[in-house]
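# A look at the structure
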Amino acid sequence: MKKIIVTGGAGFIGSNFVHYVVKHHPEVQVTVLDKLTYAGNRANLAGLPEEQVKLVVGDIADAKLVNELVQETDAVVHYAAESHNDNSLKDPFPFVQTNIIGTYTLIEACRKNDVRYHHVSTDEVYGDLPLREDLPGHGEGEGEKFTDQTPYNPSSPYSSTKAGSDLLVKAWVRSFNLQATISNCSNNYGPYQHIEKFIPRQITNVLSGIRPKLYGDGKNVRDWIHTNDHSSAVWAILTKGKIGETYLIGADGEEDNKSVMELILELMDQPNDAYDHVNDRPGHDLRYAIDSTKLRQELDWKPEFTNFRDGLADTIRWYKDNRDWWEAEKQAVEANYAKNGQ
Ligand SMILES: NC(=O)c1ccc[n+]([C@@H]2O[C@H](COP(=O)([O-])OP(=O)(O)OC[C@H]3O[C@@H](n4cnc5c(N)ncnc54)[C@H](O)[C@@H]3O)[C@@H](O)[C@H]2O)c1
């Protein structure tokens, strides 16, 4: 695999993947296709070698552009999406347009040009699980974590459009023999994450002298994975995965939101109750948990960043050291949340 297209490569997880490829696979040419929406940022690719990484600013739903680019590549790794649940509740249309029509445009181009395609998706397509305390096996029994056999049951416009895009890919594999794999990953954290998202929002609140904000009672559980581990998993699937298969990516990082908030405050030398409870997200999923046995056993992958405390401390340091990257947007992001009492 000598040439790849990374869609959404100027966003959070896509840009971390591009950094990963540059570091570990200098022989691979990367074309980033990104529309540079509010969530995309050229600065995420700053410092990468120009002879290895090229940015094309464009829309994944632009069939002509996509076709031209796909003809020149060995593989497409598809990260581009509208990705924020709260935004999808206010205006679902861009989610339908980018996540569904955009994915359709890419897989059609890959099908016509016989190009390998990897589809990056989320565990949110499976809906949510009960809290461990409410389960007889306390979360370790059959059906108490997501596997690739779990039925789809998405809750929000965001997760339903991601689910729709996964189903398109599955159908294109079966009907047209599209050379595709799918991955569904749990919640990512790390550098370059937009400050609208939970962890960077709280970190940048503390750095801006604003009290952090917790949705509801904070009992909701997310299964955290460092974005570098997501990148190594996607690379393993792209290069060793079996066509037509779905792999779940997770690092056994379950934490409830209240604990994450308290850990951020502790690591930033704040009292552990120095935050406000705000309106919960409507339809807020209770718990996500990934069983990544298939990926670990079949593709010999394992996560490296398994100490959440250390990973979070590194992430806090990144936001402290890169104020220029986020500071200009902070006021507008908080004003947007304030409109909903959040
Ligand atoms: N954030 C998570 O925790 C998480 C977890 C699992 C899976 N995912 C998936 O990973 C992918 C990346 O998520 P993220 O958090 O980095 O998102 P992000 O919002 O930070 O980045 C999305 C990128 O896609 C670009 N984009 C949006 N619409 C586009 C379009 N029509 N054409 C071209 N580019 C477009 C944006 O400019 C941006 O650079 C998404 O598919 C998401 O569903 C995210």
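So, here is what we can say about the structure in this document. Everything quoted here is computed from the prediction, not taken from an experiment.

Procedures and definitions
- Residues numbered from 1 in each chain as written.
- Predicted model: local features only at pLDDT ≥ 70, side-chain atom pairs only at ≥ 80, totals over all residues.
- Heavy atoms only, no water.
- Phe/Tyr/Trp six-rings, centres within 6.5 Å; stacked < 30°, edge-to-face > 60°.
- Helix = DSSP H or I, 4+ residues; strand = E, 2+ residues; numbered from the N terminus.
- Buried < 20%, exposed > 50% of the residue type's maximum accessible area, 1.4 Å probe, protein only.
- Contact = heavy atoms within 4.5 Å.
- Core = buried A, V, L, I, M, F, W, Y, C linked by side-chain atoms within 4.5 Å.
- Near = heavy atom within 4 Å.
- Polar contact = N/O pair within 3.5 Å; in protein donor to acceptor, adjacent residues only side chain to side chain.
- Areas by Shrake-Rupley, 256 points an atom, 1.4 Å probe, with all protein chains shown as cover.
- Nonpolar A, V, L, I, M, F, W, Y, C, P; charged D, E, K, R; others polar.

A word on the packing of aromatic side chains. For any two aromatic rings, the description comes down to two numbers: the centre-to-centre distance and the angle of the planes. In total, this model carries 15 aromatic pairs according to the counting rule given. Ring geometry for Tyr-192 versus Trp-325: centroids 6.2 Å apart, planes at 75 degrees, classification edge-to-face. Here the residue Tyr-192 occupies a position in the loop between strand 7 (188-189) and helix 6 (198-208), and Trp-325 occupies one in helix 11 (residues 323-339), the gap between them amounting to 133 residues. As far as burial versus exposure is concerned, Tyr-192 and Trp-325 are alike and both buried.

Let's shift gears to the environment of Leu-263. Mapping Leu-263 onto the fold places it in helix 8 (residues 257-267). Distance in space between the C-alpha atoms of Leu-263 and Arg-287 is 19 Å, their sequence separation being 24 residues. Not counting the four nearest positions on each side in its chain, Leu-263 is found in contact with Phe-308, Arg-309 and Leu-312.

Here we come to the nonpolar core. Within the largest apolar cluster, 31 residues are counted, with the highest numbers of intra-cluster contacts made by Ile-4, Phe-17, Val-18 and Ile-249. Of all elements in the fold, only strand 1 (3-7), helix 1 (12-24), strand 2 (29-34), strand 4 (75-78), helix 7 (227-240), strand 11 (246-249) and helix 9 (293-299) reach the threshold of two or more residues within this core. Apart from residues lying up to four places away in sequence, Ile-249 is in contact with Ser-183, Asn-184, Cys-185, Ser-186, Ile-225, His-230, Ala-233, Val-234, Ile-237, Ile-290, Leu-295 and Trp-301. In this structure, Ile-195, Leu-214, Phe-308 and Ile-316 belong to the second largest nonpolar core, which totals 28 residues.

All right, on to the site of the ligand then. Taken together, 28 residues form the shell around the ligand, and within it Ile-13, Asp-34, Ser-83, Tyr-158 and Lys-162 come nearest. At 2.6 Å from an oxygen atom of the ligand is found a side-chain nitrogen or oxygen belonging to Asp-34. Residue Asn-188 places a main-chain N or O atom 2.9 Å away from an oxygen atom belonging to the ligand. Protein contacts shield 97% of the accessible area of the ligand, which totals 840 Å² for the unbound molecule. Ranked by residues supplied to the shell around the ligand, first place goes to strand 5 (residues 116-122) with 3 residues. Of the residues belonging to the shell around the ligand, the class tally is 12 nonpolar, 12 polar and 4 charged.

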